[in-house]
Amino acid sequence: MQYRPGPRLKKTAIGTGVTLLLAGLNLPAAMSFAQDRLHEYRISRPAYQAQYGSWEIVDVPEKYRTNAIHAALLRTGKVLLIAGSGNDEEMFEAGTFESVLWDPADNTFRHVPTPDDLFCAGHAALPDGRLLVAGGTARYEILGDAVRHAGGAMVIKNEDPDRGREFPEGTRFRSPAGVEYVSETAVTVPPARKETVPAEEGERGEEQERITASEVRVFVVATVEGEEGVTTGPGQYEIVGLRGKDADNLYGLAEEMTLEDQDFHGLNVAYEFDPEAERYVPVAPMAEARWYPTLTTLPDGKVLTVSGLDDIGQVVPGINEIYDPETKEWTTGPERYFPTYPALFLAEGGKIFYTGSNAGYGPDDQGRVPGIWDLEENSFTEVGGLSDPDQLETSASLLLPPAQDQRFMVLGGGGVGESELSTARTALIDLSEEDPAYRDGPELPQGTRYLNSVILPDDTVFTTGGSRDYRGRSRSDILAAQFYDPVENAFRPAADPTVPRNYHAEALLLPDGRVATFGSDPLFADKDNTRMGRFEQRIEVFTPPYLHAGNEEDRPVLGDGPGELERGGEATFRTEDPQRVAAARLIRPSAVTHTTDVEQRSLGLEVERGEDSVTVTVPEDPSLAPPGWYMLFVTDDGGTPSEAVWVRLP
């Protein structure tokens, strides 16, 4: 492909022009200007882009710029960007929740009405192409000296078997000492359970009725400020306004009320996003509220939902749920505790592999050891061999291509919480081995947290962004990207991005073979950490080298073929040059947040070439390829991919 400089580059001063410019300007500033122009010239050259790729900022109209906390590729090829309140407490208090739908094919945008604060929810693709979104934010955190009202969990008990009660937000509870507390959410307490006790079980050998009080939990805060609202022991609280039997039957119980940090509180809501109607459709809520949960698709298309902060700001204590897309209902899953946003991947045989990656909330000594979780037996087999095991928070994880090989990778990460620690460690594990254990992979160029990793159609892994320190603190963002080659077990450099990405950043593969990056939520805006950071609303797209190797017409092209594939069967697609097709891949679309993307996976397909078609063999095992929509790519010997064809696996 012949290179022709654009108007901007034609006007760029190189050589003598730069020398003349230096003579008339301040030397350091002029040197920086010249170096920037020289860099722009160098990275625009076809030879450079054919080796390293290129980046481009997307033109996003101002009214569609949003704080992208979540990014999910839909089967329509559009990308759903979910902000909710976008980590902006003013938006939360105003009830302003956002989602934006971006079509990368023609760079158009539209707002999507967002019914709840889906900030820090979880998501997974369903078999019919809808996106399940569950959880979100019910309350923002209050930390340190900002906690002026003591608070804590209150359990409301109801001993009346004939009547339940609704208590609105702001219901008052009075302690034995006369201090009042108000609830922060509305709750409904069902009637008490009444059952008949057989005569042989009764105290006097007679049939009796047994009443078991019902209960619900709610977070309350003191109406008074400071130490006056603190309690250090358990107590029973009257519900202000109740009289007579109601006051006897309904009351609150609490262990303590403190001025300690008050974390985010989760929501129990769930929605299916319909990619055709482009709207959220409510479904049954979860039993537990969850903020920072992980959703993992199972072989039967149901979705396992794990962890998150609950309705009082505590990590859900091992209570997991399973969503059935047929009934739109939730059932209780096997119990197991994990910190928030654990990287839980569906593995061969229907087991769940926990890579150890997570997004942090929870004790540093619970639920952080990687292992294989057998859901049927509810057993957990730990795996060892991992270097820097105390630096798994905000690390990236993925199932390396092809998924049939069952090799997983962990990249980077940092210490728990606001730790300054970060690691350059990568680690690999092969679950097909008899006793799988991690072994060190090639190191990243530097310690990196918040790294995003994306599987490409040529079986390489593109990694980008991140920061050395917590949330880019002390201007520690890393403007670098690299490719990992699973065959060579080595990294090679890619073109540097221009937009820094750390906490609340995402990256995903587009159907045209490019990679889109979104978000970033730096804590500070300067090296001295004196100015607050601003959420990054720019979208930047990476074009890999395989799309710079020739003209657009040089790409393989897939034509007509079946829209639904048969498991274990074959599928034939027309193509003008079947002999050019060297490989085929089924790639599941991403649903990513907080560097956690347990949805993406790439499956290798056997290819048979005909006169004007190619035939691929479809995987049979749903634990390798769970039901849903996939992008089908074919590539040539040089790794250049076709544009994706969307197909569905039942």
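Predicted model only: the values in this text are computed from it and were never measured. (Residues numbered from 1 in each chain as written. Predicted model: local features only at pLDDT ≥ 70, side-chain atom pairs only at ≥ 80, totals over all residues. Heavy atoms only, no water.)

### Considering a positive patch on the surface
- A surface patch of positive charge is lined by R468, R475, K527 and R531.
- Mapped onto the secondary structure, R531 falls in the loop between β39 (515-519) and β40 (540-543).
- Given the relative accessible area of 48%, R531 is considered partly exposed. (Patch = residues over 30% accessible without salt bridge, like charges linked within 9 Å, V, L, I, M, F, W, Y side chains within 5 Å. Areas by Shrake-Rupley, 256 points an atom, 1.4 Å probe, with all protein chains shown as cover. Salt bridge = Lys/Arg side-chain N within 4 Å of Asp/Glu carboxyl O. Lys, Arg positive; Asp, Glu negative; His and termini not counted. Charge placed at Lys NZ, Arg CZ, Asp CG, Glu CD. Helix = DSSP H or I, 4+ residues; strand = E, 2+ residues; numbered from the N terminus. Buried < 20%, exposed > 50% of the residue type's maximum accessible area, 1.4 Å probe, protein only.)

### Structural notes on the sheet that holds strand β21 (residues 279-282)
- Strand order in the open sheet formed by four strands is β6-β7-β20-β21, with antiparallel pairing between adjacent strands. Each end of this open sheet is capped by a strand with a single partner; those strands are β6 (122-125) and β21. Taking the axes of each pair of neighbouring strands and ignoring which way they run, one obtains an average angle of 30° across the sheet.
- Of the strand pairs in this sheet, strand β20 (residues 270-274) and β21 are connected by four bridges, and their pairing is antiparallel. Each residue of the ladder has a partner; that of E272, found in β21, is V281. (Pairing = 2+ DSSP bridges. Axes fitted to C-alpha atoms, helices over the stretch in contact; angles between N-to-C directions.)

### Thoughts on a negative patch on the surface
- Together, E255, E256, E260 and D261 make up a region of like negative charge exposed at the surface.
- Position of E255 among the secondary structure elements: in the loop between β18 (250-254) and β19 (265-266).

### Details of the side chain of T297
- With respect to the helices and strands, T297 occurs in strand β22 (residues 294-297).
- Classification of T297 as buried rests on a relative accessible area of 3%.
- Within polar-contact distance, the side chain of T297 engages the backbone oxygen of A125 at 3.4 Å.
- Of note is the side chain of T297, whose polar atom sits 3.0 Å from the side chain of E599.
- If we skip the residues at most four places from it in the chain, T297 touches A124, A125, K302, V303, L346, R588, E599 and P626. (Polar contact = N/O pair within 3.5 Å; in protein donor to acceptor, adjacent residues only side chain to side chain. Contact = heavy atoms within 4.5 Å.)

### Concerning the packing of aromatic side chains
- This structure, assessed with the given rule, holds 31 aromatic pairs.
- Residues W102 and F109 carry aromatic rings whose centres are separated by 6.3 Å and whose planes lie at 15° to one another, so their mutual orientation is stacked.
- Arranged with centres 6.1 Å apart and planes meeting at 75°, the rings of Y271 and Y280 form a pair that is edge-to-face. The pair formed by Y271 and Y280 is uniform in burial state, with each residue classed as buried. (Phe/Tyr/Trp six-rings, centres within 6.5 Å; stacked < 30°, edge-to-face > 60°.)

### Some points on the UniProt feature "domain: Galactose oxidase-like Early set" (unreviewed entry) in the protein chain
- In this numbering, the UniProt entry assigns the feature "domain: Galactose oxidase-like Early set" (unreviewed entry) to residues 555-648.
- As a span, residues 555-648 carries 0% helix and 39% strand, and end to end its C-alpha atoms are 23 Å apart. (UniProt positions renumbered as here; feature names shortened; annotations may be inferred.)

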